[in-house]
Amino acid sequence: MFDANFILSNQEKEKLLQIARFTIEEYLSKSQIPKLDKSDLLPIMEMECGSFVTLHKNGSLRGCIGRFTSSEALYKSVQKMAVSAATQDNRFSVVKKDELNEIDIEISVLTPLKKIQSIDEIEMGRHGIYIKKGFSTGTFLPQVAIETGWTKEEFLGYCAKNKVGIGWDGWKEAELFIYDALVFGEKDFKKK
């Protein structure tokens, strides 16, 4: 687990993105997650923490799956979430091999969840939200607030309605959590 001061170097970010892309390519060809040569891994990739992998095609969402915690090394979590985003996000059809050159991969490495008592604790663009009511849960990553331009109430309302399924105002009677995410994508490293 890491704290809000956690950082990854550009080399580490690029390596994780390469792992995600290679894993999707291999999985779509061979139907299995490839084993990686551990000597090629950087030490921080062995740390246990949650991650989300988001796929965009021509700027539109094409898949997003993640876990808040992991008892596995970060690189293994990224591999599994990359495959899941490409093949198991039920909002989309399975990614095809010939689409891969049109897809940009984004990774979010997550801090542990922190329960909050007031929405005043939410910093838009910095915090992701996780809403829980009974067995219903849902989340928006921090970058959703930036991408949509929503107000805090819209951020909570859309998450409660569309992700948790408890109605627009359902967040008012739910447990609220926040988390930070270190977000980076292939577009950050494309040559200008």
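Along each chain, residue indices are assigned from 1 in the same order as the chain's sequence is written. Per-residue local features of the predicted model are confined to residues with pLDDT of at least 70, and side-chain atom pairs are confined, for both listing and counting, to 80 or more; whole-chain, interface and lining totals are unaffected and use all residues. As a rule here, side-chain values cover all heavy atoms of the structure and leave hydrogens and water aside.

Student: Quick question: what am I supposed to make of the overall build of the chain here?
Tutor: Along the chain, the regular secondary structure elements total 4 helices and 7 strands. Written out in order from the N terminus, the α and β elements of the chain read α-β-β-α-β-β-β-β-α-α-β. To get the radius of gyration, use the C-alpha atoms; to get the globule rule, take the number of residues to the power 0.38 and multiply by 2.2 Å. On C-alpha atoms alone, the chain measures out to a radius of gyration of 17 Å, which is about the 16 Å that the 2.2 N^0.38 rule sets for 192 residues. Judged by the C-alpha coordinates and their principal axes, the chain covers about 45 × 35 × 35 Å. Burial classes follow relative accessibility: with a 1.4 Å probe on protein chains only, a residue under 20% of its type's maximum area counts as buried, one over 50% as exposed, and anything between as partly exposed. Burial statistics for the chain: of 192 residues in total, 49% are counted as buried. Here a residue-residue contact requires only that any non-hydrogen atoms of the pair lie within 4.5 Å. The long-range fraction of contacts in the chain, counting pairs at least 24 apart against all pairs at least 6 apart in sequence, stands at 72%. Total accessible area on the chain stands at roughly 10,200 Å², and carbon and sulfur atoms take up 48% of it. Averaged over its 27 positive side-chain charges, the chain has a centre that lies 4 Å from the centre of its 28 negative ones. In this text, helices come from DSSP runs of H or I with a minimum length of four residues, and strands from runs of E with a minimum of two, each type numbered from the N-terminal end. Per-residue accessibility takes into account occlusion by the displayed protein chains alone, with areas from the Shrake-Rupley method and a 1.4 Å probe. Counted as positive: Lys and Arg. Counted as negative: Asp and Glu, with His and the chain ends omitted from the count. For charged residues, the charge sits on one atom: NZ in Lys, CZ in Arg, CG in Asp, CD in Glu.

Student: Quick question: what am I supposed to make of the environment of S39 here?
Tutor: Residue position: S39 is located in the loop between α1 (10–30) and β1 (51–57). Taking relative accessible area as the criterion, S39 reaches 60% and is therefore assigned exposed. Through-space distance from the C-alpha of S39 to that of K97 is 28 Å; in sequence the pair is 58 residues apart. Residues adjacent in sequence count toward polar contacts only when both atoms are side-chain atoms; beyond that, a polar contact is any pair of N or O atoms within 3.5 Å, and within protein one must be able to donate a hydrogen and the other to accept it. There is a polar contact of 2.7 Å between the side chain of S39 and the side chain of D37.

Student: Looking at this model, I keep getting lost on the nonpolar core. Mind explaining?
Tutor: As a rule of thumb, nonpolar side chains are buried together in soluble globular proteins. We define the nonpolar core as a collection of buried residues of types Ala, Val, Leu, Ile, Met, Phe, Trp, Tyr and Cys that are connected through side-chain atoms lying within 4.5 Å of one another. The biggest cluster of nonpolar side chains holds 31 residues, and the ones touching the most others in it are L16, V53, L55 and I107. Contributing elements (two or more residues each) for this core: α1, β1, α2 (74–87), β3 (103–110) and β7 (175–185). With 17 residues, the next largest nonpolar core counts I131, F140, V144 and F155 among its residues.

Student: Looking at this model, I keep getting lost on the pairing of strand β2 (residues 60–67). Mind explaining?
Tutor: Side-chain positions along a regular strand alternate between the two faces of the sheet. Sheet topology places β1 next to β2; 7 bridges connect them, and they run antiparallel. Bridge assignment links K57 to a residue of β2, and that residue is S60. If you look at the hairpin formed by β1 and β2, you'll find 2 residues sitting between the two strands, and N58 has a positive phi there, around 50 degrees. Only strands that DSSP links by at least two bridges are regarded as paired with each other.

Student: Hey, could you run me through the pairing of β7 in this one?
Tutor: β7 sits mainly inside the fold: 8 of its 11 residues count as buried. Summarising the sheet, β3 and β7 pair through 5 bridges and their orientation is antiparallel. Paired with E106 across the two strands is G185, which belongs to β7. Both strand β5 (residues 127–133) and β7 contribute to a ladder of 6 bridges, which runs antiparallel. Paired with I131 across the strands is L176, a residue of β7.

Student: Hey, could you run me through the packing of aromatic side chains in this one?
Tutor: A pair of Phe, Tyr and Trp rings is counted when the ring centres sit within 6.5 Å of each other, with Trp represented by its six-membered ring. The angle between the planes then sorts it: under 30 degrees is stacked, over 60 is edge-to-face, the rest tilted. According to the stated counting rule, one finds 8 aromatic pairs in the structure shown. Summarising the aromatic geometry, the rings of F52 and F68 are spaced 5.6 Å apart at their centres and angled 70 degrees between planes, so their arrangement reads as edge-to-face. Separated by 16 residues along the polypeptide, F52 in strand β1 and F68 in the loop between β2 and α2 bring together distant segments of the chain. Accessibility classification places F52 together with F68 in one group, the buried group. A ring pair is formed by Y158 and W168, whose centres lie 4.8 Å apart and whose planes are at 80 degrees; its orientation type is edge-to-face. Linking Y158 in helix α4 (residues 152–164) with W168 in the loop between α4 and β7, this pair joins segments that are 10 residues apart in sequence. What makes Y158 partly exposed here is its relative accessible area of 27%. Owing to a relative accessible area of 34%, W168 belongs among the partly exposed residues under this scheme. Clustering of aromatic rings is evident, with ring pairs tying together F52, F68, Y130, F177 and Y179.

Remember, this is a structural readout, not a statement about activity or role.
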